[in-house]
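Here is how the chains run, residue by residue.
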Amino acid sequence: MGERLIDAQYQKSPIPVLRAARALRFMAVGEKLRLLATDPAAVADIREFCKNTGHALIAASEIKGVFSFSLKCLREEDA
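Residues numbered from 1 in each chain as written. Predicted model: local features only at pLDDT ≥ 70, side-chain atom pairs only at ≥ 80, totals over all residues. Heavy atoms only, no water.

Draft legend 1. Examining the pattern of salt bridges more closely. Tallied over the entire structure, the rule returns 1 salt bridge. A salt bridge links Glu31 to Arg4, with the shortest nitrogen-to-oxygen separation between them at 3.6 Å. Highlighted residues: Glu31 in the loop between α1 (15-25) and β2 (32-37) and Arg4 in strand β1 (residues 3-8), separated in sequence by 27 residues. (Salt bridge = Lys/Arg side-chain N within 4 Å of Asp/Glu carboxyl O. Helix = DSSP H or I, 4+ residues; strand = E, 2+ residues; numbered from the N terminus.)

As structure tokens, this is what we get:
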């Protein structure tokens, strides 16, 4: 099982989290998603999204203004 990538750099909040939510709807439990974003609001957005949906935020980091989030799909979403 590979890791899907969403490059949401230079997209303003809430677009990065909306793109992650859409991708996770079509992923199986256990699959991983990596999201790249440059909007600092994405940090709080992704944490809140995971808290509210039950998906796991495995890792979050920032290098030179690019935030990287690794999420794990932990439940099926209604498509």
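Draft legend 2. Molecular detail of the side chain of Thr38. With respect to the helices and strands, the residue Thr38 is situated in the loop between β2 and α2 (41-53). One polar contact links the side chain of Thr38 to the main-chain amide nitrogen of Tyr10, over a distance of 2.6 Å. (Polar contact = N/O pair within 3.5 Å; in protein donor to acceptor, adjacent residues only side chain to side chain.)

Draft legend 3. Here's a closer look at α1. Those residues of α1 not exposed but buried are Pro16, Val17, Ala20, Ala21, Ala23 and Leu24. Seen end-on, α1 carries its buried residues on one side only, within an arc spanning 165 degrees. Where α1 is buried, its residues contact β1, β2, α2 and β4 (66-72). (Buried < 20%, exposed > 50% of the residue type's maximum accessible area, 1.4 Å probe, protein only. Arc of directions from axis to C-beta. Contact = heavy atoms within 4.5 Å.)

Draft legend 4. Summary view of the nonpolar core. Within the largest apolar cluster, 19 residues are counted, with the highest numbers of intra-cluster contacts made by Leu24, Leu33, Leu35, Ile46, Phe49, Phe69 and Leu71. Going through the elements one at a time, β1, α1, β2, α2 and β4 are the ones with two or more residues in this core. Per-element accounting of this core gives the leading share, 5 residues, to α1. Once residues within four sequence positions are removed from consideration, Phe69 is found in contact with Leu33, Arg34, Leu35, Ala37, Ala42, Val43, Ile46, Leu57, Ala59 and Ala60. (Core = buried A, V, L, I, M, F, W, Y, C linked by side-chain atoms within 4.5 Å.)

Draft legend 5. How the structure looks around the sheet that holds β2. The 4 strands lie next to each other as β1-β2-β4-β3, forming an open sheet whose pairing is mixed. Two strands lie at the open edges of the sheet, namely β1 and β3 (56-63), each paired on one side alone. On average, each strand axis in the sheet is tilted by 15 degrees relative to the strand beside it, whichever way the strands run. Strand direction decides the pairing type here: β1 and β2, joined by 6 bridges, are parallel. Considered in β2, the bridge of Glu3 is made with Lys32. Contacting β1, β2 and β4, α1 runs over the sheet at an angle of about 155 degrees to β1. (Pairing = 2+ DSSP bridges. Axes fitted to C-alpha atoms, helices over the stretch in contact; angles between N-to-C directions.)

Draft legend 6. Structural context of the packing of α1 against α2. In contact at an axis separation of 10 Å, α1 and α2 are set at 35 degrees when each is read in the N-to-C sense. At the point where α1 passes α2, the crossing takes the right-handed sense. Along the contact surface, α1 presents Val17, Ala21 and Leu24, while α2 presents Asp45, Ile46 and Phe49. Taken together, the residues of the contact of α1 with α2 break down into 5 nonpolar, no polar and 1 charged. (Left-handed = near helix turned anticlockwise from the far one by under 90°. Nonpolar A, V, L, I, M, F, W, Y, C, P; charged D, E, K, R; others polar.)

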